Amino acid sequence: MHSFVALTFSLHASKPDLVQNSLDNKNTWRVKMAKIAQIAQIAQTEVTERTIAAQIVSGIVELFTNKITYIDQNGEVVEYNTHKYSMVNALNGMAFSMSRQKEYVETQLEKARDEAKKALMAASGNEISINNVRRATERLDQREDELACIQILLDQSVKAYEVFSDKKFEYKGKPTVTPVKNVATENVDVQALARRLGVDLDHVTNNTNGVETQA
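Every value quoted in this text rests on a predicted model; they were computed, and no experiment measured them. (Residues numbered from 1 in each chain as written. Predicted model: local features only at pLDDT ≥ 70, side-chain atom pairs only at ≥ 80, totals over all residues. Heavy atoms only, no water.)

### Describing the nonpolar core
Grouped burial of nonpolar side chains is what soluble globular proteins tend to show. Grouped together as the largest cluster of nonpolar side chains are 28 residues, with contacts concentrated most on Leu91, Met98, Leu153 and Phe164. Sorting the residues of this core by element identifies helix H4 (49–63), helix H5 (84–121) and helix H6 (127–165) as the ones contributing at least two each. Top element by residues in this core is H6. It accounts for 12 residues. The contacts of leucine 153, once residues within four sequence positions are left out, are Ala53, Ile56, Val57, Met94 and Met98. (Core = buried A, V, L, I, M, F, W, Y, C linked by side-chain atoms within 4.5 Å. Buried < 20%, exposed > 50% of the residue type's maximum accessible area, 1.4 Å probe, protein only. Helix = DSSP H or I, 4+ residues; strand = E, 2+ residues; numbered from the N terminus. Contact = heavy atoms within 4.5 Å.)

Pasting the structure below:
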């Protein structure tokens, strides 16, 4: 498996006629690719989740690379990628999808933590309770690892998008909806637990006789 750095510069080795033009123009494709390589900061022999994510991003960049050169009205050689729009959209789409997936996995991770706490508190020492602890720990490990991988790919796709589009990536997450429940918001014990869990009782919607009311 090649690193992102190796893949990045191999693109230019196969197209030597464009390399010299790139050296003469600081806004050319070679400089853009060099920025991505610098962002990745991956050793060529290292194989990790980060290198895999970097190869995914570099694959998108390579897929949508179709460069042409021409002489502009000032007599200067200009390099242009005819597929840039599709590349930028692909990178933006990946960044958006990973942002959405990150939100989902974060909720799954929170559920795994809750289940792990329950298993921990019920660990009386018998075989069933210990097996429950082990399974809860495995699920927690899985969700944490998944979230870490998503974050790596998200970071790389966002940085690539921002380099090639010269725009700031923006993502607005889905609003958090509080479930409709009958919560005794005036009870001191309820308030104490809410403070401990970081729950804002002022935004809890109660349901009275089937009619929703704002607490």
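More follows now that the structure is in view.
### Details of the pattern of salt bridges
Two side chains bearing opposite charge may form a pair once their charged atoms approach each other closely. Taken as a whole and judged by the stated rule, the model has four salt bridges. We note a salt bridge from lysine 118 to glutamate 115, for which the minimum N-O separation is 3.8 Å. Residue lysine 118 and its partner glutamate 115 are located together in helix H5, separated by three residues, close to a single helical turn. Judged by its relative accessible area of 54%, lysine 118 falls in the exposed class. Here arginine 143 and glutamate 146 are joined by a salt bridge, their closest N and O atoms 3.0 Å apart. Of the two residues, arginine 143 and glutamate 146 both sit in helix H6, three residues apart, roughly one turn of that helix. Accessibility expressed as a relative area gives 26% for glutamate 146, which makes it partly exposed. (Salt bridge = Lys/Arg side-chain N within 4 Å of Asp/Glu carboxyl O.)

### Details of the pairing of strand E2 (residues 77–81)
The pairing of strand E1 (residues 67–71) with E2 spans five bridges and is classified as antiparallel. Bridging from a neighbouring strand, isoleucine 71 pairs with valine 77 of E2. (Pairing = 2+ DSSP bridges.)

### Structural notes on the packing of aromatic side chains
Two descriptors summarise a pair of aromatic rings, namely the distance from one centre to the other and the angle between the planes of the rings. Scanning all chains against the criterion turns up two aromatic pairs. Relative to tyrosine 171, the ring of phenylalanine 96 lies with its centre 5.2 Å away and its plane at 70°, an arrangement referred to as edge-to-face. Of the two residues, phenylalanine 96 sits in helix H5 while tyrosine 171 sits in the loop between H6 and helix H7 (188–197), which places them 75 residues apart along the sequence. Relative to phenylalanine 169, the ring of tyrosine 161 lies with its centre 6.1 Å away and its plane at 80°, an arrangement referred to as edge-to-face. (Phe/Tyr/Trp six-rings, centres within 6.5 Å; stacked < 30°, edge-to-face > 60°.)

### Brief notes about the packing of H4 against H6
One way to put it is that H4 packs onto H6 with a least axis distance of 9 Å and a crossing angle of 35°. Viewed along their axes, H4 and H6 form a crossing whose handedness is right-handed. On the side of H4, the interface is formed by Glu49, Arg50, Ala53, Ala54, Ile56, Val57 and Val61, while H6 contributes Asp145, Cys149, Ile152, Leu153, Gln156, Ser157, Ala160 and Phe164. Along the lines of polarity and charge, the residues of the contact of H4 with H6 split into 10 nonpolar, two polar and three charged. (Axes fitted to C-alpha atoms, helices over the stretch in contact; angles between N-to-C directions. Left-handed = near helix turned anticlockwise from the far one by under 90°. Nonpolar A, V, L, I, M, F, W, Y, C, P; charged D, E, K, R; others polar.)

### A word on unusual backbone geometry
With a phi close to 60°, aspartate 166 is a non-glycine residue in the positive phi region. Within the secondary structure, aspartate 166 sits in the loop between H6 and H7.

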